[in-house]
Amino acid sequence: MQPLLKKFRMPSNGLTDSPEWKALQKDACGASAIRTRALFEQDPERFNKFHIALDGLLFDYSKHPVTAEIMTHLIALARAAELESWRDKMFAGVQINTTEDRAVLHTALRHSAPEGLEVDGENVAGFISNTHEQMRRYSESIRREGLIHDVVVIGIGGPNLGPTLVYEALSGPAGAPRVHFVSNIDGTHITQTLEPLSPDHTLFIISSKTFKTLETLENAQTAKSWLDDFKPGLSREHMAAVTANREDAEAFGIAPAQIFPLREWIGGRYSLWSAVGLPIAIAHGFDQFEALLEGARTIDTHFQTAPLDRNIPVIMALLGLWHRNFRACTAHAILPYAQKLSRLPAYIQQVDMESNGKNTDRDGIRVDYETGPVIFGGPGTDAQHAFFQLLHQGTDIIPSDFILVARPNHGLDSHHRQLLASALAQTQALMEGRTSEPANDAPHRRFEGNRPVSTLILEQLDAYHLGMLLALYEHKIFVQGILWRLNSFDQWGVELGKTLAQDILHQLNPGVVPTRENPPAPDPSTQNLATYLFKSFINS
Ligand code: F6P
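A short tour of the structure in this document, coming up. (Residues numbered from 1 in each chain as written. Predicted model: local features only at pLDDT ≥ 70, side-chain atom pairs only at ≥ 80, totals over all residues. Heavy atoms only, no water.)

Points about the pattern of salt bridges
Alright, step 1. In total, this model carries 23 salt bridges according to the counting rule given.
Alright, step 2. The residue R136 makes a salt bridge to E133 at a minimum N-O spacing of 2.5 Å. Of this pair, R136 and E133 both sit in helix α7 (residues 124-145), three residues apart, which is roughly one turn of the helix.
Alright, step 3. Classification of R136 by relative accessible area gives partly exposed; the value is 26%.
Alright, step 4. Two residues, D490 and K358, come together in a salt bridge whose shortest N-O distance is 2.8 Å. With D490 in the loop between α19 (463-483) and α20 (495-507) and K358 in the loop between α16 (344-356) and β11 (374-377), the pair connects residues that are 132 residues apart, well separated along the chain. The same class applies to D490 as to K358, namely buried. (Salt bridge = Lys/Arg side-chain N within 4 Å of Asp/Glu carboxyl O. Helix = DSSP H or I, 4+ residues; strand = E, 2+ residues; numbered from the N terminus. Buried < 20%, exposed > 50% of the residue type's maximum accessible area, 1.4 Å probe, protein only.)

A few points about the sheet that holds strand β5 (residues 150-154)
Alright, step 1. If you walk across this open sheet you meet the five strands as β6-β5-β7-β8-β9, and the pairing is parallel. One side of each edge strand has no neighbouring strand; the edge strands of this open sheet are β6 (178-182) and β9 (259-261). When strand polarity is set aside, the average angle formed by the axes of neighbouring strands in this sheet is 20 degrees.
Alright, step 2. Pairing geometry for β5 and strand β7 (residues 202-207), over five bridges, is parallel. Each bridged residue has a counterpart across the sheet, and for V151 the counterpart in β7 is L203.
Alright, step 3. In the packing of helix α10 (residues 214-230) onto the sheet, the strands contacted are β5, β6, β7 and β8 (239-243), and the crossing angle to β7 comes to about 160 degrees. (Pairing = 2+ DSSP bridges. Axes fitted to C-alpha atoms, helices over the stretch in contact; angles between N-to-C directions. Contact = heavy atoms within 4.5 Å.)

What about empty space enclosed by the protein?
Alright, step 1. Going through the model one piece at a time under the given rule, you end up with two cavities of 30 Å³ or more.
Alright, step 2. The computed volume of the largest cavity comes to approximately 130 Å³.
Alright, step 3. Together, 15 residues line the largest cavity, and L319, G320, H332, P399 and K476 are the ones closest to its centre.
Alright, step 4. Of all elements in the fold, only α15 (312-326), β10 (331-337) and α19 reach the threshold of two or more residues within the lining of the largest cavity.
Alright, step 5. For the lining of the largest cavity, the element with the most residues is α15, which contributes five residues.
Alright, step 6. Of the residues that constitute the lining of the largest cavity, the class distribution is six nonpolar, six polar and three charged.
Alright, step 7. Roughly 40 Å³ of volume is contained in the second largest cavity.
Alright, step 8. Every residue along the wall of the second largest cavity is listed here: L109, F127, I128, T131, H132, M135, P261, I266, S274 and A275.
Alright, step 9. Top element by residues in the lining of the second largest cavity is α7. It accounts for five residues. (1 Å grid on protein atoms, 1.4 Å probe; cavity = no way out; pocket = protein on both sides within 12 Å on 5 of 7 lines; lining within 4 Å. Points joined across faces, edges and corners; volume = space filled by probe spheres on them. Nonpolar A, V, L, I, M, F, W, Y, C, P; charged D, E, K, R; others polar.)

Notes on the site of the ligand
Alright, step 1. Taken together, 14 residues are adjacent to the ligand, and G158, S208, T210, T213 and E354 come closest.
Alright, step 2. A distance of 2.6 Å is found between an oxygen atom of the ligand and a side-chain nitrogen or oxygen belonging to T210.
Alright, step 3. Within the side chain of T213, a nitrogen or oxygen atom sits 2.5 Å from an oxygen atom of the ligand.
Alright, step 4. Taking a 2 Å distance to the grid points as the criterion, the majority of the atoms of the ligand fall inside the largest pocket.
Alright, step 5. Elements represented by at least two residues in the shell around the ligand include exactly α8 (158-169) and α16.
Alright, step 6. Taken together, the residues of the shell around the ligand sort by class into three nonpolar, seven polar and four charged. (Near = heavy atom within 4 Å. Polar contact = N/O pair within 3.5 Å; in protein donor to acceptor, adjacent residues only side chain to side chain. Sits in = over half its atoms within 2 Å of the grid points.)

Distances and angles like these do not, on their own, reveal function.
Encoded structure:
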C-alpha cells in the first residue's frame, strides 16, 4: 500500500517534509488553545521580550498568540532555509532573480552595497552617485527657476505607488511645485488631472522602467499632445523620463539631458529609492529624499547584523508565515493610524502580492503549501467604520499591523490623543475580546479576541522614519519569499493579461475583421462581451 501512495504523491520541494516544518505542525496542533491573555499572565515580562526598539521605531509583537517555543521553531525554519546566506547574496549583487537573470540591488540605492561592486561591467556606486547628482541638480533648478508650478508623474505600479505614498506622507516647503500622479488608462484620470493646469507651468515625468507599459505610453502620448497643441515643441522642454530604456524614451521625444536612468537590477516595485523618487526631490527637496534613503539604510544594516531572534523584518516575516501556513490565515491587514499614510496599504499590497503571490518555487516546482496572503487595509480611524467588524467577529482570523505615529504633524493635540487612544483600544479589543458581559450575554455581543496584532510606532512621520518603515516591509517580504522558496523578484503572473489585452484591443477597433493576425477573443464569453462593447462603443 505504502509504495502505491508514494507513486501518486504530488512532487514536493521537500519543505513540508523538513523536521523544522514538522515541528511547527506539531505546535499548530495545540495552537488554538493558546490565549494571548494567558501568556501575559504567565510571563509579566512578555512585553519586554516581545518588542524591539530601534532608532525611533518600536515594533511590538506581544499581542500575537505565539509562545517563545513557537518563535524558536520558526527561527529554526529560517536557519534551515539558509536565510542569512540568501540575504548576503542579495546585498552582494548575486543574480538571485533567476527567471530574469538579474541581481536584486535596490538596497545599493541607499548605499548598502559592498564597495567596488560591478554589475554588467558598471560600477554600481558610481552609477548611483551620478544619478543622484543629476536628480539633485535638476530638482534644485526646477525649484530655483520657479517656472514649473505643477509636476505630473505618469507611471503605473511601482513608479506610481511609492512616490504617491511618500509625496503625500511628507511635506515640502511652501511654494514648491505640486505633484499629481496619473496611472490609470481610463481617460478620466488624465483629463481631470490636466483640467486645472496650465501647459507652460507643467512638467511631466514619464516614469517607466521598460518604457513599454500600455497605460503609461497612452497617457504620455496624451500629455505630449496637450503640451504641443498649446505651443509646438513645448513637450521637448516640459517632459522628463525615468527609465532603463533610454532608446525608446529618446524616440518618443524626451530630451536626452532629461532622461534619468534605471537599471535592470532595480525592480519596479522596489524602485522608490532610485530616480523614480525624482518627484519627491522636486516637491520636498533632495535632502528629504536622502533622509528617506538614510532611514532605509538603517534597516538594511539592522537586517544584515541583528541576530535572527532580534531582527524586526525576520520576526514580522516569521509571524506572517506562522499564521499563513499553520493557522490558515488567508489575509493580512495594514492599518496606518495616520491620514498621511493612507496610501501605505496599496503600496505594501503591490510589493507583497506581486512578490510572493506565486504557486511555483524558484526551482519550478509547484508548491504544496500556502504562500503570500491577500494584503489589504486602510487608514484608522476610517477603517474602523468600514471593515473592522470582520476583524473582530468574522469567521476568518486576520492578523493586522497597526502603524502609529507618536508625535502629531499638526497642532490639534486633542485629535491626536483620541487617534492614538482609538488605535490602542482596537489592538486591545482584538487581543482580549469580550467573552461575557454580565448585563447581556447574547452570543452576537461576544468577541473571541485572540486576534494576532503587531504594533509599529514611529517617533514621528518624517522622511527618515518613513524610509525605515518601508524598508522593513521590503525585507519582511524578502524573508518570506526565501522561506517559501520563491523568486520574489519576478512577476510573470502580470504578463498574460497584458498580452491578451493587446489581442482584444483589435476587437474594439471599428472596422477590424478578425484574421490570423487579429484573432477573435478565444472564449465565447469574452467574445460576446467584446462584441457587445464594440456595438455600444460605435453607437455612442
Ligand atoms: O504590474 C506589473 C509591472 O511590471 C510592475 O512590476 C511595475 O511596477 C509596473 O508593471 C510598471 O512597469 P514599468 O515601470 O516598466 O512601466
